[in-house]
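# Inside the fold
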Amino acid sequence: MKSKAAQTLTFLMVDSDEDDTILMQEAFYESNMHSHLYCVKDAVQLAEYLRGDGIYQARDSYPLPNIILLELGAPIITALSTLEWLKSSSELRRIPVVIFANGLDESLVSRAYELGASSYIVKPTTFCELQRIVRGFHDYWSLCARPNVSENYPARKDSKRTLTLAPSPVPANTNAH
């Protein structure tokens, strides 16, 4: 178990909107925190990243995240299926998943929490608000005790569960430090 002394956090953002990704990278950068943000565009890339497949093989370059930021945009069913997949894994279910949504829909909020989301946040409308949220992420999660997720994932038998989704037409990875 990691204690609050571990201040460096690794966030993994799943968002298909390049503008949102750039804004989040800027918010992390300008917040001057000891956190790292890695970005993938969709659930397929998320699965590849977490399994260490393809370009994500080097755990030194692509560490397992402490927190996953999952955008709940179109298609919503894909995002909820991704959340369900994450929480069905004995290793990955330990990683907190924060839902980032374009709006507040009570039925989606309920469903996200039922599936294991740690938080549900409506995307802010200003960059200043986004920076405040990013600082809040870091402040809150750096104080939380978190169970270790094996760096050897996916060596466990449940890691072979697959996430069946259409692949993204444009593979991308962005790393903001």
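Our subject is the structure listed above.
Everything quoted here is computed from the prediction, not taken from an experiment.

Take the nonpolar core next. Ranked by internal contacts, the top residues of the largest apolar core, which has 31 residues, are Leu50 and Ile99. Contributing elements (two or more residues each) for this core: strand S1 (9–14), strand S2 (35–40), helix H2 (43–51), strand S3 (67–72), helix H3 (76–88), strand S4 (97–101) and helix H4 (106–114). The contact partners of Ile99, leaving out residues within four places of it in the chain, are Leu70, Leu72, Leu83, Ala112, Ala117, Ser119, Tyr120 and Ile121. Counting residues in each nonpolar core, the second largest holds 20 residues, with Met13, Cys39, Leu69 and Trp141 among its members.

For any pair of aromatic rings, the description consists of the separation of the ring centres together with the inter-plane angle of the planes. Counted under the stated rule, the structure contains 8 aromatic pairs. When the centroid spacing of 6.2 Å and the interplanar angle of 55° are considered together, the rings of Tyr38 and Tyr49 count as tilted. With Tyr38 in strand S2 and Tyr49 in helix H2, the pair connects residues that are 11 residues apart, well separated along the chain. Taking 5.9 Å as the distance between ring centres and 65° as the angle between the ring planes, the aromatic pair formed by Phe100 and Phe137 counts as edge-to-face. With Phe100 in strand S4 and Phe137 in helix H5 (residues 127–143), this residue pair connects regions lying 37 residues apart in the sequence. For Phe100, a relative accessible area of 6% translates into the label buried. An aromatic cluster is present here, built from Phe11, Phe28, Phe100 and Phe137 joined pairwise through their rings.

Reading guide: rules and limits
- Residues numbered from 1 in each chain as written.
- Predicted model: local features only at pLDDT ≥ 70, side-chain atom pairs only at ≥ 80, totals over all residues.
- Heavy atoms only, no water.
- Core = buried A, V, L, I, M, F, W, Y, C linked by side-chain atoms within 4.5 Å.
- Buried < 20%, exposed > 50% of the residue type's maximum accessible area, 1.4 Å probe, protein only.
- Helix = DSSP H or I, 4+ residues; strand = E, 2+ residues; numbered from the N terminus.
- Contact = heavy atoms within 4.5 Å.
- Phe/Tyr/Trp six-rings, centres within 6.5 Å; stacked < 30°, edge-to-face > 60°.

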